[in-house]
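Residue-level listing of the chains:
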Amino acid sequence: MAEQHKIVLDESEMPTRWYNIVPDLPAPPPPPLHPGTHEPVGPADLAPLFPMDLILQEVSGDSYIDIPDEVLDVYRLWRPSPLYRAHRLEKALGTPARIYYKYEGVSPAGSHKPNTAVPQAYYNAKAGMRRLTTETGAGQWGTALALACTLFGLECEVWQVGASYDQKPYRRLMIETFGATVHRSPSPLTESGRAALAGHPDHPGSLGIAISEAVEAAAGSADTNYALGSVLNHVLMHQTIIGEEALLQLAKVGDTPNVIVGCTGGGSNFAGLAFPFLREKMAGRIDPVIRAVEPASCPSLTRGVYAYDFGDTAGLTPLLKMHTLGHDFIPDPIHAGGLRYHGMAPLISHIYELGLMEAVAIPQTECFDAALRFARSEGIVPAPEPTHALAETIREAARCTETGEEKVILTALCGHGHFDMAAYGAYLDGTMRDELVSEERLAVALQGVPAGL
Ligand SMILES: Cc1ncc(COP(=O)(O)O)c(C=O)c1O
């Protein structure tokens, strides 16, 4: 019988609810704190930046939230996304493992990011906003929000991390094609940007600085809100449609994952794939190992501290209890721009502390080696971010080759790399280096974490 590569769902089988993991956890996550009073933030504190529908989702105690029809209608432009069985990669590796990948590169932006951009634009438009501001690292999030804004009649202004702005002119043009305005961050347009530029005119930027700029621009304008592409509870929840679909798809072929692997920047694609499976694990129905993979050059889960810290560099956001390298930490300009974030989603940090998941950090040359093996067997050029998940998938498959175990490995191929070919160029011509973080540099950065909270 011919091998089945793609497991697809009909549009009518697409899940119609997002999953909120919070009520199922054995302990609630610590609340965000107001940066001035250090008291837990309430809905009113978040109202200058977010519409009430999203604030209520952020603090919701409901296990499921219905996806609005207007959002489902846009999702159906590319969803349900395919689940692939990586037969060709398995053969190339000579592994007895069965490898599956959920492919989000089929979205118009080329990644999982529209899964939350679309509802965020929808709820903001419903609340009467005129404009949204945001940051973007890899450019995937900026593209996703630009698309979502144009579909719901909103203006969109994007601060793109300098290193990514310089490396990826076509990402910027794609964002502009969807009608948004793009600034290189740090920019002279905001106080946070001017502070970063002082004495450092070629600053490579960071997600933390770009967030400060976008938050500052939104806070100063009544008809403008801010949208975040990762980290917050509601963003992670919007991504759970990935895992909900994957559960249905694996059930169609009668397989159950033993290992689930996803890359983590702020944590949204990892959460999107893993949380529905974690629900099944906590209910005792399955027992997979769930493993996050981060870059060795930005190792918040594996080498950061678990503490209250700011989500941005300028200290404008609420204090979040998370694994952090310190909000002043400026990661080396590694090619996986979407993983250059000093912190980790509070929900993922909490789940990691509860011992419900594992984490590893992998240097980028091993990731690009994995990407080439993947591209040359499966035919898809991955975005630099999920190459981290692929590297760990290949490590796990190699362990199966040694032991002879036929484990089922599920991973998230959360984007394609069509705009990231400069990174592939650096790998192919041998100029890519592994930028590791020294103990000294880490110690200096961690001094920036607020004490005594
Ligand atoms: C393709 C892709 N994967 C992963 C990430 C990392 O973000 P998150 O951890 O929220 O999924 C990004 C961020 O820009 C991205 O573009």
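Computed from a prediction, not measured in an experiment: that's the story for all the values here. (Residues numbered from 1 in each chain as written. Predicted model: local features only at pLDDT ≥ 70, side-chain atom pairs only at ≥ 80, totals over all residues. Heavy atoms only, no water.)

### Some details on the site of the ligand
At step 1: What surrounds the ligand is a group of 18 residues, the closest being Ser230, Gly265, Gly267, Ser268 and Asn269.
At step 2: Note that an oxygen atom of the ligand is positioned 2.7 Å from one of the backbone N or O atoms of glycine 265.
At step 3: Contact distances for the ligand include 3.1 Å between an oxygen atom and a backbone N or O atom of glycine 266.
At step 4: Considered on its own, the ligand offers 390 Å² of accessible surface; in the complex 98% of this is hidden by protein.
At step 5: Partitioned by chemical class, the residues of the shell around the ligand number five nonpolar, 11 polar and two charged. (Near = heavy atom within 4 Å. Polar contact = N/O pair within 3.5 Å; in protein donor to acceptor, adjacent residues only side chain to side chain. Areas by Shrake-Rupley, 256 points an atom, 1.4 Å probe, with all protein chains shown as cover. Nonpolar A, V, L, I, M, F, W, Y, C, P; charged D, E, K, R; others polar.)

### Considering helix α15 (residues 346–353)
At step 1: In terms of burial, α15 is a largely internal element, six of the eight residues being buried.
At step 2: When α15 is considered as a whole, its buried residues turn out to be Pro346, Leu347, Ile348, Ser349, His350 and Ile351.
At step 3: Directly beyond the C-terminal end of α15, a positive phi value near 80 degrees is found at glycine 355. (Buried < 20%, exposed > 50% of the residue type's maximum accessible area, 1.4 Å probe, protein only. Helix = DSSP H or I, 4+ residues; strand = E, 2+ residues; numbered from the N terminus.)

### A closer look at the packing of aromatic side chains
At step 1: Under the definition given, this model contains 10 aromatic pairs.
At step 2: Summarising the aromatic geometry, the rings of tyrosine 122 and tyrosine 123 are spaced 5.1 Å apart at their centres and angled 65 degrees between planes, so their arrangement reads as edge-to-face.
At step 3: With relative accessibility at 12%, the residue tyrosine 122 sits in the buried group.
At step 4: For tyrosine 123, a relative accessible area of 6% translates into the label buried.
At step 5: Taken together, the ring pairs in this structure connect Tyr84, Tyr101, Tyr103 and Phe374 into an aromatic cluster.
At step 6: Directly above the ring of tyrosine 64 sits arginine 17, whose terminal nitrogen or CZ lies 3.8 Å from the centroid. (Phe/Tyr/Trp six-rings, centres within 6.5 Å; stacked < 30°, edge-to-face > 60°. Lys NZ or Arg CZ within 6 Å of the ring centre and 35° of its normal.)

### Comments concerning unusual backbone geometry
At step 1: Residue proline 80 is reached from arginine 79 by a cis peptide bond, and omega for that bond is -10 degrees.
At step 2: By secondary structure assignment, the location of proline 80 is in the loop between α3 (69–75) and β4 (83–85).
At step 3: At histidine 38, a residue that is not glycine, the phi angle is positive and equals roughly 65 degrees.
At step 4: Along the chain, histidine 38 turns up in the loop between β2 (17–19) and α1 (43–46).
At step 5: Its identity as a non-glycine residue notwithstanding, valine 231 has a phi of 70 degrees, on the positive side.
At step 6: Turning to its location among the elements, valine 231 is positioned in the loop between β9 (224–226) and α11 (233–238).

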